[in-house]
Structure formats: structure tokens, C-alpha cells
Amino acid sequence: MQEPIIEFELTKEFRNRFQEALDTRDTAFILKTLTDIKPADITALLYEFSAEESKYVLDLLPIDIQAGIINDLDSDTRKKFLRIYEVKEIVYFLNHLASDDVADILHELPVKNREQVLSNLDLELKVQVTELLRYEDNVAGGLMAKELIKARVHWSVVQCIEEIRKQAETVSKFYAVYVVDDHDKLIGRVALQDLIISDARTIVGDICDKDIISIQTYQESIEVAEVMKKYDLESVPVVNVQEQLVGRITIDDIVDVITEQAEEERQLMAGISESVEVDDSVWRNTRARLPGLLIGIVGGLMNAKFMGLFEEELARITAIAFFTPLIQATGGNVGIQSSSLVVQSLANPGYVEEGLWARLIKVFFVAILNGLFLSGLVMGANIVLFGEYRLSLVVSVALFSVVVFASFIGTITPIVLNRFGFNPALAAGPFITTINDLLGLTIYFFIVHILLI
């Protein structure tokens, strides 16, 4: 019977007890505690302590677990963490990681340390990592791992299985064997199941699947993520311009890419101009937030100036000023909803297939229904609260118009940004909110001027 998985819970009491064990160097308690905790949970635990204390804990663990935990740390934390490590210690745990992970960590080291570490790596790993360092981080070549299992097209199944046994120690996860010719040009792939059920004398080239999807080394990481998502791939081979097999990218690497992209878009939609964490420096957090806040300030000043143009109307009917927050808030919310849905849709190839006009027509009808419901609700509430039928009608008409126009602006803005090569997530932040504020005021006062004054 399979034992239930016990999830680790980091409580304040446990953290304090663990801190006490660190202060007193209670090795027995630390080892006993960590025995039943998974490496990922140990990583989360170590975020609670200083780099020196974390290093003390890691030094008590087997080297393969140490390497995995350090590899799982986020980039900023790992940079600070590795400052207290000597070169020989870094080399020791890097020799237990895959080539792509080693390359990522080396990118985070100072140049001097990077060269020292690279020169002392195991020879085979050194050759693999040296090739990976030629590529940028955001392309397939920088994302791939060199560890893979490949077989020549003329090999028998027996030879292929022997090759698997030889390379199994260095390739921790593999889903298939890649088939190449004598010049390492990718021919296809053989599933492990086909190898097991085939006759030992069968030639690999006869059972390989030649309809294989591959990635070029220069393709951007987001393109790789889209391909693997579209075709539901656990791994994908990477080839150079000569179509030679040079590496592979696995799903765990792509999960990191998707997570980073989602985080970047989330921050852009919140008006944060660069990737930051809560524990980053005050200056970096300020620098990242200022652009979005400045857009809001400029928009507010423009709103104030615009309202000044209708000073006469405001003086005659002061009640119209009461509804400006309602108009602006509704327009901003509708615009953000529309732009957020479009940003999400742009990542889906089906968006292109459906066509722009079909999308705009759908948005138009959704906006009409929302506008009718909201304007009717507001009109009824105004009549009950204020008893002003004419003013209630004007506010409702203005609100309906704002909902329709804000939906259109929220839909078209990310499409235009995407068309010109900008991140469409920019449209869901302060930019679209400011535009809709101005748009809402313009429509509101124009309708007031036409129908009420």
C-alpha cells in the first residue's frame, strides 16, 4: 500500500526551533529534521535564514541534494548565496548538475570566478558548458542541455540499449532516444516502448519516427514554450543550422520560462517597468514603480485641466461633478478587463485564426449588454437616491457610452502594441487606465453639454 505524501508546513514555531538549532550548531536535530523533508521544501526553509546559516545546513547534506537545492534557488538569492562559497566548493556541486543548469549558474558569477570555475569542471562537462555559454539566455541554445541519448541510424536495438546503459548515469531524465546519421544530422526519435518490444536485431532506423519536431538553436525561448505547449511535448531536440543534433530542452526548463513570462506580464499589468522582488533594494523598487506612477500623475493633471474647460457647466449644475468618479472608475475597469482578455488571447494561435473583425464584433455586443445593465442599474439608483430624472438619464447615457468605448480601446490597444513589437501586457496597466479616464471624462461632459446644459 502506498504511503500518503506528507506535506511540509513551515510554521513560526518550527522556524524558531530550527534557528535555535543553528545557533547552537545542533547537528543531530538538523539532520533528523531534514531527513523526512523533500529538497524543494528544504529550499523554501533556507530562504528564512542567512546565507552563512544556509551553507552550514547544506554542508551536512549529500552533495547531490546540495546541488539540487542550490540549483532551485531563485537567481537573485543564489547570486548572494554563492558569494560565500570558494571556487572549489562551487566546482564540487556543479559537477553534479546538468550542463544547462551549470551554464545558468556560471552566468550569475563574476567573470573572474566564472573562468576559474569553468577551468576546473570535469572535462566532459566543461566542453558541454563552454558550448552553451556561447548562446544568449533567452534562446533555445542557452536553454538546452547537452545531456541526451542518441543512436546511429544503422545501429541495432541491442546496440541502442547498450548506449542507453552507458549514458544513463549522466542523463537523469529521458523520454526517447534520438536517431542521427554518421554526421549527427537528426533523423528521428525512437520511443523506449518501441525499443523494448522490438526484436534485438531490428535496425533502429526502421522503427524510428521520422516525423519529429525540432527547435533551432537561435529560436527564442518563448517560441520553444509555444511549440512544446502546442504539441504537448515532454522534451524537444535542438539542432543547429546544419540540422545536427546539439542538445535537448525538457519540460521543466519550459515551466521556468512560462513562469518568468507570466511574472513579467503580471508586473507590467501592475505598472511595474522591470522585474523586481520585494526584498530588492529600495532604489530598484522605486525605479521600477515610478514610470507607472508618473503616467497616473500625468493623467490626473490632464483630467484636472480637462475638467477646468467645463468650469461653467460645473458651476451651473454642481451635481454633475458627483458622478465623475463613477464614470472614470467604470471606464478604467472595463478597459482593464478587455485588455487583459486580449493579452491572454494573443498567446493563443486561435486568436489569429478567428480574425480581428470577429473579435471586435464580439467585444461590441458584450459591451452593449454590459453597458445596458450597468446604465440601467445606475439610472434606477439615481432616481431613488436623488429623484433627478433628467440628470439620471444623462449619467446613464454617458455610462453606457463609456462602457462601449472603453471596451473598444481596451481591445484594440494591446493588438496595436503587439503588432508593433511591444509587449501587449503594457495595455493592461496605467497606460490603458489613464486613456480610459480621459475618454470617460470627454464622453461624460460632452453628453452633459448636449443633453443637460
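Residues numbered from 1 in each chain as written. Predicted model: local features only at pLDDT ≥ 70, side-chain atom pairs only at ≥ 80, totals over all residues. Heavy atoms only, no water.

J.: How should the environment of D104 be read in this particular structure?
T.: Mapped onto the elements of the fold, D104 is located in helix α8 (residues 99-108). Assessed through its relative accessible area of 32%, D104 is described here as partly exposed. (Helix = DSSP H or I, 4+ residues; strand = E, 2+ residues; numbered from the N terminus. Buried < 20%, exposed > 50% of the residue type's maximum accessible area, 1.4 Å probe, protein only.)

J.: Would you mind going over the pattern of salt bridges with me for this structure?
T.: Going through the model one piece at a time under the given rule, you end up with 11 salt bridges. The closest approach of N and O atoms between E131 and K146, which form a salt bridge, is 2.9 Å. In this pair, E131 sits in helix α10 (residues 123-132) while K146 sits in the loop between α11 (140-143) and β1 (150-152), placing the two residues 15 residues apart along the sequence. Judged by its relative accessible area of 22%, E131 falls in the partly exposed class. For K146, a relative accessible area of 15% translates into the label buried. Put simply, D184 and R152 hold a salt bridge, and the shortest N to O gap is 2.8 Å. Taken together, the positions of D184 in the loop between β2 (176-180) and β3 (186-191) and R152 in strand β1 put the pair 32 residues apart, joining distant regions of the chain. (Salt bridge = Lys/Arg side-chain N within 4 Å of Asp/Glu carboxyl O.)

J.: Looking at this structure, I do not really get the sheet that holds β1. What am I missing?
T.: The strands that make up a sheet are held in pairs by hydrogen bonds between backbone atoms, and each pair lies either parallel or antiparallel. In spatial order, the strands read β1-β2-β3; together these three strands make up an open sheet with mixed pairing. Pairing within the sheet leaves two strands with one partner each, and these edge strands are β1 and β3. Here the strands of the sheet are splayed against their neighbours by 35° on average, with no regard to which way each runs. Bridge analysis of β1 against β2 gives three bridges, and the strand direction is parallel. Looking at β2, one finds that K150 is bridged to Y178. (Pairing = 2+ DSSP bridges. Axes fitted to C-alpha atoms, helices over the stretch in contact; angles between N-to-C directions.)

J.: What should I look at first to understand helix α2 (residues 27-35) in this one?
T.: Note that an α-helix has 3.6 residues per turn; residues three or four places apart therefore point the same way. Within the sequence span of α2, burial applies to I30, T33 and L34. Along the long axis of α2, the arc covered by the buried residues comes to 90°, so they all point the same way. Away from the buried face of α2 by more than 90 degrees, exposed residues A28, K32 and T35 are located. On its buried side, α2 packs onto α1 (12-23), α3 (39-46) and α4 (51-58). (Arc of directions from axis to C-beta. Contact = heavy atoms within 4.5 Å.)

J.: Quick question: what am I supposed to make of the pairing of β2 here?
T.: Side-chain direction in a regular strand flips from residue to residue, so the side chains alternate between the two faces of the sheet. Among the five residues of β2, five are classified as buried, and the element is accordingly described as predominantly covered. Of the two faces of β2, the one holding A176, Y178 and V180 and the one holding V177 and V179 are both buried throughout. In terms of handedness, the path from β1 via helix α12 (residues 157-167) over to β2 forms a crossover that is right-handed. Two strands pair when backbone bridges link them, and β2 and β3 are joined in this way by five bridges, in the antiparallel orientation. Residue V180 lies in a different strand from β3, and its bridge partner there is L186. Connecting β2 to the next strand, β3, in antiparallel fashion are five residues, including D184 with a positive phi near 65°. (Right-handed = clockwise from strand over helix to strand, strands pointing away.)

J.: Can you walk me through the sheet that holds strand β6 (residues 245-250) in this structure?
T.: The strand order across the open sheet built from three strands is β4-β5-β6, with neighbouring strands paired in mixed fashion. Strand pairing shows two members of the sheet lacking a second neighbour, β4 (215-216) and β6, which therefore form its edges. Pairing of strand β5 (residues 235-239) with β6, which is carried by five bridges, proceeds in the antiparallel orientation. Considered in β6, the bridge of V239 is made with L245.

J.: Could you clarify how one ought to interpret the packing of aromatic side chains in this entry?
T.: Each aromatic ring pair is summarised here by two numbers: the centre-to-centre distance and the angle between the ring planes. Tallying each qualifying case throughout the model produces seven aromatic pairs. Their ring planes at 80° and their centres at 5.9 Å tell us that Y85 and F93 sit as a pair that is edge-to-face. Connected via pairs of aromatic rings, a cluster forms that spans F14, F18, F29 and F49. Over the aromatic face of F29 sits the side chain of R17, whose NZ or CZ is 3.9 Å from the ring centroid. In this structure, K55 packs its charged tip against the face of Y85, placed 4.9 Å from the ring centre. (Phe/Tyr/Trp six-rings, centres within 6.5 Å; stacked < 30°, edge-to-face > 60°. Lys NZ or Arg CZ within 6 Å of the ring centre and 35° of its normal.)

J.: Please explain the environment of C160 as it appears in this structure.
T.: When you line up the elements, C160 lands in helix α12. Taking the C-alpha atoms as reference, C160 lies 8.3 Å from V177; in sequence the two are 17 residues apart. Discounting residues that sit within four places of it in the chain, C160 has contacts with A151, W155, V177, L195 and V204.

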